[in-house]
Amino acid sequence: MLRFTSVKRFGRSITMNIGFIGVGSMGSLLIDAFVATGALDPSQITVSNRTFAKAVSLAVRHPGLNAVPSNAEAASGRDIIFLCVKPHEYKKVIDELRHGLQPHQLLVSITSPVLLNQLEDCLPCKIAKVIPSITNYVHEGATLCMFGTRVEPADRKRLLDLLAYISDPLEIEECHTRIVSDLSSCGPAFIAFVLQKFIDAAVEETGIDRAQATAIASAMLHGTGKLLTEGEMTPEQLQQRVAVPGGITAKALALLHKELEGVFNGVVRTTHAKYEEDLVVVHDLLYGKEVNGT
């Protein structure tokens, strides 16, 4: 089941205290976006990071934000804790948190191969999972949301309201995590790659200035996105509107259809294969001792 639950909000910040464990690329992106939209005041945010200097740097960027040296301190007393670390770091962080977290707190993982039931096995608090997108940096795109069995309606609403400041929260079933992540979170990189190749070809074939070609292509992509959302066109309808039968666009589309046949099937198979590998790695990290009987 896929369901958009709310629209982007702007205005008064939400009253809650938020902890962030891990302020790498995505953790810092979320913080920057929450602060920029007014969802959170920096004074509501406490952060920790494996490299403490990164947490301090974020506090300098957002005066009032509190950088702390330990993960347990970042989680202590927070209403919501965002866990933004890589899969191989989860076991260590969970061991640091398991005795300090309280049942009323909500921990939100942003790492797709770490499953809700695994976190509920390991921790006493409420659990949710969110998959952000780089598009959230400009307060656009979806945020994929999944909820554990302990999450109550009020917890769900609080998290969705927060995410609505920077995105369109989209509730999904956890079994669909990988494919929806491909479209929402990996998709911007895939589309940017295709656009880059289009720009490269334009420069190589015609000598057009790269900066000019990039600006034109980027504006085109922005407008195309609006046609597919605000304009309510489907991809098929958009192609039909642009491609006059027997015309230039139609001829080029025929070439693309031939050359790209099966390419994105391969992309999906590749992402799913890596995801399956990651699932095994996370399971072994979290349950290795029990599995090995040691």
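Above this text is the structure in question.
None of these values were measured; they are calculated from a predicted model.

Colleague: Which parts of the structure should I look at to understand the nonpolar core?
Modeller: Most often, soluble globular proteins keep nonpolar side chains buried together rather than apart. Ranked by size, the top nonpolar core spans 35 residues in total, and within it Phe 20, Ile 31, Phe 34, Val 47, Phe 82, Leu 159 and Leu 162 carry the most contacts. In terms of residue count, the dominant contributor to this core is helix H1 (residues 25–37) (five residues). Residues within four places of Leu 159 in sequence aside, it is in contact with Ile 80, Phe 82, Leu 106, Val 108, Ala 128, Val 130 and Phe 147.

Colleague: Looking at this structure, how should I read the pattern of salt bridges?
Modeller: Close approach of charged atoms allows side chains with opposite charge to pair. Taken as a whole and judged by the stated rule, the model has 13 salt bridges. The closest approach of N and O atoms between Asp 161 and Lys 157, which form a salt bridge, is 2.7 Å. In this pair, Asp 161 and Lys 157 are both assigned in helix H6 (residues 153–163), four residues apart and thus about one turn of the helix distant. You can call Asp 161 buried: its relative accessible area is 15%.

Colleague: I would appreciate a short explanation of the packing of aromatic side chains in the present structure.
Modeller: In this description, an aromatic ring pair is defined by two values, namely the gap between the centres and the angle between the planes. Following the criterion strictly, the structure yields two aromatic pairs and no others. Ring plane angle 10° and centroid distance 4.9 Å describe the contact between Phe 20 and Phe 82, whose orientation is recorded as stacked. You can see Phe 20 sitting in strand E2 (residues 18–21) and its partner Phe 82 sitting in strand E5 (residues 80–83), a full 62 residues away along the chain.

Colleague: What's the story with unusual backbone geometry in this structure? I'm lost.
Modeller: Excluding glycine, residues mostly have negative phi values, and the peptide bonds linking residues are mostly trans. Phi is positive for His 139, close to 65°, though the residue is something other than glycine. Tracing the backbone shows His 139 in the loop between strand E7 (126–131) and strand E8 (142–147). On the accessibility criterion, His 139 (18% relative accessible area) is buried.

Colleague: Sorry, what's going on with the side chain of Arg 178 here?
Modeller: Within the secondary structure, Arg 178 sits in helix H7 (residues 177–206). Relative accessible area serves as the criterion here: at 11%, Arg 178 is assigned to the buried category. If we ignore the near neighbours within four places in the chain, the residues touching Arg 178 are Ser 112, Cys 186, Thr 271, His 272 and Tyr 275.

Colleague: What is the right way to look at the pairing of E5 in this model?
Modeller: Regular strands place their side chains on alternate faces of the sheet. Of the two faces of E5, the one holding Ile 80 and Phe 82 and the one holding Ile 81 and Leu 83 are both buried throughout. As paired elements, E2 and E5 share four bridges and run parallel to each other. Bridging across to E5, Ile 18 finds its partner in Ile 80. In the classification by handedness, the crossover that spans E5, the intervening helix H4 (residues 90–97) and the parallel strand E6 (residues 106–109) is right-handed.

Colleague: Is there a simple way to explain a nonpolar patch on the surface in this structure?
Modeller: Together, Phe 193, Val 194, Leu 256, Leu 260, Val 263 and Phe 264 give the surface a local cluster of nonpolar side chains, amounting to about 520 Å² of exposed area. Listed by contribution, the elements that provide at least two residues to the nonpolar patch are H7 and helix H11 (263–292). The topology assignment puts Leu 260 in the loop between helix H10 (248–259) and H11. Residue Leu 260 is classed as partly exposed on the basis of its relative accessible area of 40%.

Colleague: Please clarify how the packing of H7 against helix H8 (residues 210–229) should be interpreted in this entry.
Modeller: Any two packed helices are characterised by the angle at which their axes cross and by the distance between the axes. In contact at an axis separation of 10 Å, H7 and H8 are set at 140° when each is read in the N-to-C sense. On the basis of the axis angle, H7 is oblique to H8. Note that H7 runs across H8; the crossing there is right-handed. The residues of H8 that touch H7, namely those facing Ile 191, Leu 195, Ile 199, Asp 200 and Val 203, are Arg 210, Ala 213, Thr 214, Ala 217, Ser 218, Met 220 and Leu 221. Among the residues forming the contact of H7 with H8, the class breakdown is eight nonpolar, two polar and two charged.

Colleague: Looking at this structure, I do not really get the pairing of strand E3 (residues 45–48). What am I missing?
Modeller: Side chains Ile 45 and Val 47 project from E3 onto one buried face, and the interleaved Thr 46 and Ser 48 project onto a second face that is buried too. The handedness of the E2 to E3 crossover, carried by H1, is right-handed. With two bridges connecting them, E3 and strand E4 (residues 66–67) associate as parallel partners. Within the sheet, the bridge partner assigned to Val 47 lies in E4 and is Ala 67. You can see the chain leave E3, run along helix H2 (residues 52–61) and come back into E4, and the turn it takes is right-handed.

Colleague: In this structure, what is going on with H2? I would like to understand it.
Modeller: Helical periodicity: at 3.6 residues per turn, an α-helix aligns residues three or four positions apart in one direction. Considered for burial, the residues of H2 that qualify are Ala 55, Leu 58 and Ala 59. Seen from one end, H2 has its buried residues packed into an arc of 100°, which puts them on one side. Facing away from the buried side of H2 by over 90 degrees, the exposed positions are Ala 53 and Val 60.

Procedures and definitions
Residues numbered from 1 in each chain as written. Predicted model: local features only at pLDDT ≥ 70, side-chain atom pairs only at ≥ 80, totals over all residues. Heavy atoms only, no water. Core = buried A, V, L, I, M, F, W, Y, C linked by side-chain atoms within 4.5 Å. Buried < 20%, exposed > 50% of the residue type's maximum accessible area, 1.4 Å probe, protein only. Helix = DSSP H or I, 4+ residues; strand = E, 2+ residues; numbered from the N terminus. Contact = heavy atoms within 4.5 Å. Salt bridge = Lys/Arg side-chain N within 4 Å of Asp/Glu carboxyl O. Phe/Tyr/Trp six-rings, centres within 6.5 Å; stacked < 30°, edge-to-face > 60°. Pairing = 2+ DSSP bridges. Right-handed = clockwise from strand over helix to strand, strands pointing away. Patch = residues over 30% accessible without salt bridge, like charges linked within 9 Å, V, L, I, M, F, W, Y side chains within 5 Å. Areas by Shrake-Rupley, 256 points an atom, 1.4 Å probe, with all protein chains shown as cover. Axes fitted to C-alpha atoms, helices over the stretch in contact; angles between N-to-C directions. Parallel < 35°, antiparallel > 145°, perpendicular 65-115°, else oblique. Left-handed = near helix turned anticlockwise from the far one by under 90°. Nonpolar A, V, L, I, M, F, W, Y, C, P; charged D, E, K, R; others polar. Arc of directions from axis to C-beta.

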